[in-house]
Amino acid sequence: MTAASPLTLAAPHPAALTAARRAAERGGNAVDAALAAAAALTVVYPHQCSLGGDLIALVHAPGGSVRALVSAGAAAEAVDVEALCAADRRMPAQGPQTVTVPGVVAGWAALAEAHGTPGALAEALRDAAELAEGGATVSAGLARAIRERAPQIGADPGLTALLTGSDGVPLDEGDPLPQPQLAAVLRALADDPSSFYRGAVAEALADGLRRAGSPLTASDLAAHQAESVEPLTLDVAGTRWWTAPPPSQGASLLAVLETAASVAKLPEPERTGALAARCQDASAARDLLLGDPLGPSPIDLDGLLRPPPLAGARPPEPSFRAAGDTVAITAVDASGLAVSLIQSVYQTLGSGICDPETGIVLHNRGSAFSLLPGHPALIGPGLRPPHTLCPVLGRSAELLLAAGCQGGRAQPQILAQTVPDLMDPAADPVAVLDRPRWVVGARDIGHETPTLLAEPGSVPATEGAFRSVVPVVVAPGRTDLAGHTQAVRLSAGGRLDGASDPRADGGTTLEGNPQ
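Let us look at the structure shown here. Everything quoted here is computed from the prediction, not taken from an experiment. Throughout this document, residue positions are counted from 1 along each chain, in the order its sequence is written. Two thresholds apply to this predicted model, a pLDDT of at least 70 for residue-level local features and 80 or more for giving and counting side-chain atom pairs, whereas whole-chain, interface and lining totals are computed over all residues. Side-chain measures were taken over the full set of non-hydrogen atoms in the model, leaving aside hydrogen atoms and water.

Section: the overall build of the protein
Tallying secondary structure elements over the protein gives 17 helices and 18 strands in all. For the radius of gyration, the atom set is restricted to C-alpha positions; the globular benchmark scales as 2.2 Å times the number of residues to the power 0.38. Here the protein has a C-alpha radius of gyration of 21 Å; the compact-globule value for 515 residues is 24 Å, and the two agree. Dimensions of the protein, computed from the C-alpha atoms along their principal axes, are close to 60 × 60 × 45 Å. Note on classification: 1.4 Å probe, protein chains only; a residue is buried when its accessible area is under 20% of the maximum for its type, exposed when over 50%, partly exposed between these limits. The proportion of buried residues among the 515 residues of the protein is 60%. By sequence separation, contacts in the protein at least 24 residues apart represent 71% of the contacts at least 6 residues apart. Carbon and sulfur atoms make up 53% of the accessible area of the protein, which totals about 18,600 Å². Only DSSP runs of H or I reaching four residues or more are called helices, and only runs of E reaching two or more are called strands; each is numbered from the N terminus. Here a residue-residue contact requires only that any non-hydrogen atoms of the pair lie within 4.5 Å. Note on areas: Shrake-Rupley, 1.4 Å probe, and residue coverage restricted to the protein chains presented here.

Focus: the packing of helix 2 (residues 30-44) against helix 4 (residues 104-115)
The N-to-C vectors of helix 2 and helix 4 enclose an angle of 165°; their axes lie 10 Å apart at closest approach. One way to sum up the angle between helix 2 and helix 4 is to call them roughly antiparallel. The handedness of the crossing between helix 2 and helix 4 comes out as left-handed. From helix 2, Val-31, Leu-35, Ala-38, Ala-39 and Thr-42 reach across to helix 4, where they touch Trp-108, Leu-111, Ala-112 and His-115. For this classification, Asp, Glu, Lys and Arg are treated as charged, while Ala, Val, Leu, Ile, Met, Phe, Trp, Tyr, Cys and Pro are nonpolar and the rest, including Gly, are polar. Along the lines of polarity and charge, the residues of the contact of helix 2 with helix 4 split into seven nonpolar, two polar and no charged. Axes here refer to lines fitted to C-alpha atoms; in helices the fit is confined to the stretch in contact. Angles between the N-to-C directions go from 0 to 180 degrees. Under this scheme an angle from 65 to 115 degrees is roughly perpendicular, one under 35 degrees roughly parallel, and one over 145 degrees roughly antiparallel; angles in between are oblique. What makes a crossing left-handed is the near helix being turned counterclockwise from the far one by less than a right angle; a clockwise turn instead makes it right-handed.

Here's the deal with the pattern of salt bridges
Charged atoms that come close allow side chains of opposite charge to pair. Salt bridge, as used here, is a side-chain nitrogen of Lys or Arg placed within 4 Å of a carboxyl oxygen of Asp or Glu. What the rule picks out here adds up to 24 salt bridges. A salt bridge links Arg-144 to Asp-480; the nearest nitrogen and oxygen atoms lie 3.9 Å apart. A residue pair is termed long-range when its members are at least 10 positions apart, and Arg-144 in helix 6 (residues 140-148) and Asp-480 in the loop between strand 15 (472-474) and strand 16 (484-491) qualify at 336 residues. Asp-480 sits in the partly exposed class, given a relative accessible area of 34%. In this structure, Asp-421 and Arg-435 form a salt bridge, with 2.6 Å as the shortest nitrogen-oxygen distance. One end of the pair, Asp-421, is in helix 16 (residues 419-422); the other, Arg-435, is in the loop between helix 17 (429-434) and strand 13 (438-441), with 14 residues separating them in the sequence. Look at Asp-421 and you get partly exposed, because its relative accessible area is 34%.

What about helix 9 (residues 180-191)?
The span expected for a helix works out to 1.5 Å for each residue beyond the first. End to end, helix 9 covers 17 Å across twelve residues, agreeing with the expected 16 Å (1.5 Å per residue, within 8%). For helix 9, the complete set of buried residues consists of Leu-182, Ala-183, Val-185, Leu-186, Leu-189 and Ala-190. Buried residues of helix 9, seen end-on, are gathered within an arc of 160° and therefore sit on one face of the element. Considering only its buried residues, helix 9 is in contact with helix 2, helix 4, helix 5 (120-135), helix 10 (200-212) and strand 10 (360-362). Along the arc lie the directions from the helix axis toward the C-beta atoms.

Concerning the sheet that holds strand 6 (residues 239-243)
Read across the open sheet, the six strands follow the order 5-6-11-12-16-17; overall the sheet is antiparallel. Looking along the sheet, the strands with just one partner apiece sit at the ends: strand 5 (232-236) and strand 17 (496-500). In this sheet, neighbouring strand axes are inclined to one another by 15° on average, regardless of whether the strands run parallel or antiparallel. Two strands pair under a simple rule: DSSP has to find at least two bridges between them. Taken together, the four bridges between strand 6 and strand 11 (residues 392-395) define a ladder with antiparallel strand orientation. Each residue of the ladder has a partner; that of Trp-242, found in strand 11, is Leu-393. Each of strand 5, strand 6 and strand 11 touches helix 12 (residues 250-262); the most contacted strand, strand 5, lies at about 0° to it.

So, the sheet that holds strand 4 (residues 227-229)
An order of 4-3-2-8-7-1-18 is seen for the seven strands of this open sheet, with the pairing classed as antiparallel. At either margin of the open sheet sits one strand with a lone partner, and together these are strand 4 and strand 18 (507-511). The sheet shows a mean angle of 15° between the axes of neighbouring strands, direction not considered. Sheet topology note: the strand 7 (residues 326-333)/strand 8 (residues 338-344) ladder contains seven bridges and is antiparallel.

So, the side chain of Arg-503
Locating Arg-503 in the fold gives a position in the loop between strand 17 and strand 18. In this structure Arg-503 comes out as buried when scored by relative accessible area, which is 8%. Only 2.9 Å separates the side chain of Arg-503 from the backbone oxygen of Leu-433, close enough to count as a polar contact. In contact with Arg-503, not counting residues within four places along its chain, are Leu-433, Asp-434, Arg-435, Pro-436, Arg-437, Glu-455, Arg-478, Thr-479, Asp-480, Ala-482, Gly-483 and His-484. Distance and chemistry together define a polar contact, namely a pair of N or O atoms within 3.5 Å, with one atom able to donate a hydrogen and the other to accept it when in protein, and with adjacent residues in sequence counting only for side-chain atoms on both sides.

Printed below as a string of structure tokens:
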């Protein structure tokens, strides 16, 4: 391979940065580096992402065009909707009925084919296989997840094998994390990524799904295709923003970015109050209106982009807290190729099922379906659930930005508090991501009723100075609920920079020799 353009990448774990550096050293571009980081994260962060999850990405080509890559899997053709509705008012939080077709591998292959260097994905997957064979250790974040999810781990043979030592004691920070079954799968995918959906890997995974009680079959896996689609756009304050279309909640981000621009010159606390109120409007509209555009009813995109105040009556809140949902990877190189890639198992450890034969942790994205008759997200055969994954790109005359974050349903809120300021070429991205933030939610942030959870300093401290229509709770310090944002930038003069959220375990890497 020839030397590639200088590039910078941000990711939430050191192993992802190491993988990205290797890809760059082999002559890879921004997409090659991002895919290498993504593959490594499925090994070291099984509580947040895996081969058994979904992927949504945005790619800015060197010529300036932008496409969204949506690789979100569907419910089984044999899903028994009547039985699910008879069992409860809501989808189960975890378990075999929440597993939809995993889209990550198809997403990687589509990105590599469209934008990658030939052979780079195969090399990245072989590197990830070596990491899985014996090079990974338990991170602080994974150790916390193991402690918090001990009952679920103990209830599933695959998770027990993955996350418990030979002495029967749960793994702790620094312990080896060998995954020989996953290593074998990664090597098979290096030879043929399509085998995840049509081949030996697909057959093994389908058998495991059947044993776990999932209605998904080999035919469901074979039917999956990653989609390259037109992104949603917003032009405001000299910046063009791109987000992914439904079933992503990208429209909700554009709704709040428009408000963020309109209130940018207001004094505090009016500015924060107006943005927080708009975030509540956008969240309520998303809960009412977001679903799969491939479903039987059209999606009210205008209602998502321009939500009315409080968006009318709200549907029931989720019955569980979807913590630990996501990893974001962002990369840009000197050619103007930029990617924001997000992959996820949704809730921590996904469905609570790890297939013992393949070592793949399966996501619970299907828990986001609705069981309300007439709802646009009503579960159905071959339909995709609404998605929290919300990558974003921004471009002005001075700057190109790729950003994404962990944060579940609050991703639009987190990004609206960070990406407008990141579009200032003079802003220090490290300082922007270091600032305290707030999120509005309910069960998704650990509260029974709608609440604004504020990191210290994110809202005015004087009593009565900040007007909020929901109670305000100040966290004791930084919280993961305020998201893990990853951001990289390319200036018009060719300068590359970026930042990884201090709430995460990762960092940035700058490869090559930028002028």
